[in-house]
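One-letter residues, chain by chain:
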Amino acid sequence: ALACDANQGFQDIVNIQVHAVNGVKVHNLQHLATLVEGCAEEYVRFDLEWKRVIVLHTASARAAMPDILRANCIPAPHSEGLLAEPLLLPSDLAATRQPDMADSEVVGTEEAVAVGEQRARL
């Protein structure tokens, strides 16, 4: 996580896999980018390895993106064409839409940490 006001407190998170975005299991990097780009919710929730959860205010995170990219000399938010390619996902997505709370990588809402302008409703 690259430091900015929208993700304050989570700058030290590195090399951690994202397992779900807003309850949808992530299958690959293209799927992750599609879920984040298409998020229409007020908050975006990332379920990470080791039962870690990050919740960001979506509008604040999007507004901070140009400054984060510029400050870290990153030319674009994602690889050219990443979102233009057809999304390749498993054929049966019904089983992956709602993570099972018994899944060792998904935590309950009582353990979630909210970041952003106000506490997220999980």
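Here the structure is a predicted model, which means the values were calculated and not measured.

Participant: Mind laying out the environment of Gly 81, listing which residues take part and the relevant values?
Facilitator: Of note, Gly 81 is situated in the segment after helix 2 (58-71). Relative accessible area serves as the criterion here: at 32%, Gly 81 is assigned to the partly exposed category. Residues Gly 81 and Gln 30, spaced 51 residues apart in sequence, show a C-alpha to C-alpha distance of 10.0 Å.

Participant: I'd like a rundown of the environment of Pro 66, residues and numbers included.
Facilitator: Mapping Pro 66 onto the fold places it in helix 2. According to the relative accessible area criterion, Pro 66 is partly exposed, its value standing at 43%. Linking Pro 66 and Ala 76, residues ten residues apart in sequence, is a C-alpha distance of 8.9 Å.

Participant: Can you tell me about the sheet that holds strand 3 (residues 43-48), naming the residues and giving the values?
Facilitator: With antiparallel pairing, the four strands of this open sheet are ordered in space as 2-1-3-4. Looking at strand neighbours, the two that pair on one side only are strand 2 (24-25) and strand 4 (53-57), the edges of this open sheet. Both strand 1 (residues 18-21) and strand 3 contribute to a ladder of three bridges, which runs antiparallel. Each residue of the ladder has a partner; that of Val 21, found in strand 3, is Phe 46. Here helix 2 sits on the sheet and contacts strand 3 and strand 4; the angle it forms with strand 4, its principal contact strand, is near 80 degrees.

Participant: Break down the nonpolar core for me, citing the residues and quoting the values.
Facilitator: Counting residues in each nonpolar core, the largest one holds 15 residues, and the members touching the most others are Val 18, Val 21, Phe 46 and Leu 48. Those elements that provide at least two residues to this core are strand 1, helix 1 (29-37), strand 3 and strand 4. A per-element tally of this core places strand 3 first, with three residues. Residue contacts for Val 21: discarding those within four places in its chain leaves Val 26, Leu 32, Leu 35, Val 44, Arg 45 and Phe 46.

What counts, and at which threshold
Residues numbered from 1 in each chain as written. Predicted model: local features only at pLDDT ≥ 70, side-chain atom pairs only at ≥ 80, totals over all residues. Heavy atoms only, no water. Helix = DSSP H or I, 4+ residues; strand = E, 2+ residues; numbered from the N terminus. Buried < 20%, exposed > 50% of the residue type's maximum accessible area, 1.4 Å probe, protein only. Pairing = 2+ DSSP bridges. Contact = heavy atoms within 4.5 Å. Axes fitted to C-alpha atoms, helices over the stretch in contact; angles between N-to-C directions. Core = buried A, V, L, I, M, F, W, Y, C linked by side-chain atoms within 4.5 Å.

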